[in-house]
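# Working through the structure, step by step
Spelled out, the chains give:
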Amino acid sequence: LILGSGGREHALAWKLSQSKRVSRIFTGPGNAGTAEIGTNLIIDPCKFDEVKKAVIKSNAGMVVVGPEAPLVAGIHDFFLKDDLLKDIPVIGPDRSAARLEGSKDFAKGFLVQHNIPTAAYKTFEKSTAGGVRDFLNSLKSPYVVKADGLAAGKGVLIIEDIDEAEKEVNAILDGKFDKAGSKVVVEQFLRGVELSVFIITDGKSWKLLPEAKDYKR
């Protein structure tokens, strides 16, 4: 069972369908592309009881989680705690590890804690928003403004003008991205080519996957 409805899930379904170990593929909720490869199920990946029923009914032997939201909400933990689901492998991190994707503030703090190079940053909440201008003055244009939580790929802004950057920080704190913007990370802009490196691991052994990049600013 593959959870999700985007191009990512279609790619996963397409590739998994080529494996001799895979007999049937279900995607929930899926899309027109996944419907050509397997069976789409009308479920919400963030409603874990719906996922449980789908897993049991389809007799799925593995669950691959495409979107970040169910991982951040703890779907892996849900499986581990359920007697009927605990032996079914879930491909995706547990809730604690998913914080690296679910909170940009947590991710930045993790990088600093473990001496992993990262751009200079500061996190602001409503109560500390008065210090935004001072921190922006310590940076060079353009300015990177990020909603802390998941915002469907729309939560990162790159802004040339300092007044506009300050305005956007306040707009996010005022609810522009709903709960995703309860905190805002203001970050130093780094120039260069983005590179994403993927590793899949069970906590003991690991496999390096092909690298990739996003073609966006």
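Whatever comes next refers back to the structure up there.
The notes below deal with the structure included here. (Residues numbered from 1 in each chain as written. Predicted model: local features only at pLDDT ≥ 70, side-chain atom pairs only at ≥ 80, totals over all residues. Heavy atoms only, no water.)

## Quick word on the pairing of strand β8 (residues 156-159)
- The alternating pattern of β8 places L157 and I159 on a buried face and V156 and I158 on a face that is not buried.
- Pairing geometry for strand β7 (residues 143-147) and β8, over 4 bridges, is antiparallel. Residue V144 lies in a different strand from β8, and its bridge partner there is I158. (Buried < 20%, exposed > 50% of the residue type's maximum accessible area, 1.4 Å probe, protein only. Helix = DSSP H or I, 4+ residues; strand = E, 2+ residues; numbered from the N terminus. Pairing = 2+ DSSP bridges.)

## What about a nonpolar patch on the surface?
- On the surface, M62, I91, F198, I200 and L209 cluster together to form a nonpolar patch covering roughly 390 Å² of accessible area.
- Inspection of the secondary structure assignment puts L209 in the segment after β11 (206-208). (Patch = residues over 30% accessible without salt bridge, like charges linked within 9 Å, V, L, I, M, F, W, Y side chains within 5 Å. Areas by Shrake-Rupley, 256 points an atom, 1.4 Å probe, with all protein chains shown as cover. Salt bridge = Lys/Arg side-chain N within 4 Å of Asp/Glu carboxyl O.)

## As for the nonpolar core
- Counting residues in each nonpolar core, the largest one holds 21 residues, and the members touching the most others are L136, V145, V169, I172, V184 and V186.
- Contributions of two or more residues to this core are made by α8 (132-137), β7, β8, α9 (162-173) and β9 (184-188).
- The contacts of V186, once residues within four sequence positions are left out, are A120, Y121, K122, F124, F135, L136, L139, V144 and V169.
- L1, F79, L85 and A98 belong to the second largest nonpolar core, which has 19 residues in total. (Core = buried A, V, L, I, M, F, W, Y, C linked by side-chain atoms within 4.5 Å. Contact = heavy atoms within 4.5 Å.)

## Structural notes on the sheet that holds strand β2 (residues 26-29)
- Spatially, β3-β2-β1-β4-β5 is the arrangement adopted by the 5 strands of the open sheet, whose pairing is parallel. Looking along the sheet, the strands with just one partner apiece sit at the ends: β3 (39-40) and β5 (90-91).
- Of the strands in this sheet, β1 (2-4), β2 and β4 (63-65) touch helix α1 (residues 7-16), which is tilted by about 165 degrees from β1. (Axes fitted to C-alpha atoms, helices over the stretch in contact; angles between N-to-C directions.)

## A closer look at the packing of helix α6 (residues 95-102) against helix α7 (residues 104-113)
- At a minimum axis distance of 6 Å, the contact between α6 and α7 shows a crossing angle of 100 degrees. The angle between α6 and α7 places the two elements in the roughly perpendicular class. Packed against α6, whose contacting residues are R99, L100 and G102, the element α7 presents K104, F106, A107 and F110 at the interface.
- The residue inventory of the contact of α6 with α7, partitioned by class, reads 4 nonpolar, 1 polar and 2 charged. (Parallel < 35°, antiparallel > 145°, perpendicular 65-115°, else oblique. Nonpolar A, V, L, I, M, F, W, Y, C, P; charged D, E, K, R; others polar.)

## What about the pattern of salt bridges?
- A full pass over the atoms with the stated rule returns 10 salt bridges.
- Across the pair D163 and R133 runs a salt bridge whose closest N-O atoms are separated by 2.6 Å. Of this pair, D163 sits in helix α9 while R133 sits in helix α8, placing them 30 residues apart in sequence.
- Here D163 falls in the partly exposed class, since its relative accessible area comes to 44%.
- For R133, a relative accessible area of 28% translates into the label partly exposed.
- Put simply, R133 and E166 hold a salt bridge, and the shortest N to O gap is 3.0 Å. Residue R133 is located in helix α8, and its partner E166 is located in helix α9; the two are separated by 33 residues in the primary sequence.

## Describing unusual backbone geometry
- Omega for the peptide link from G28 to P29 comes to 0 degrees, which places this bond in the cis form.
- Looking at the element boundaries, P29 is found in strand β2.
- Of the consecutive residues S141 and P142, the connecting peptide bond is found in the cis state with omega at 0 degrees.
- Take P142: it is sitting in the loop between α8 and β7.
- The backbone of N59 sits at a positive phi, close to 60 degrees, despite the residue not being glycine.
- Positionally, N59 belongs in the loop between α3 (48-58) and β4.

## Considerations on the pairing of β7
- Among the 5 residues in β7, 5 count as buried, and that is most of the element.
- As defined by bridge partners, β7 adjoins β9 across 5 bridges and the pair is classed as antiparallel. Across the sheet, residue V144 finds its bridge partner in β9, namely E187.

## Here's the deal with the side chain of T27
- Within the secondary structure, T27 sits in strand β2.
- Residue T27 is classed as buried on the basis of its relative accessible area of 0%.
- Aside from chain neighbours lying at most four places away, what touches T27 is L1, I2, G4, E9, A13, T34, T39, N40 and L41.

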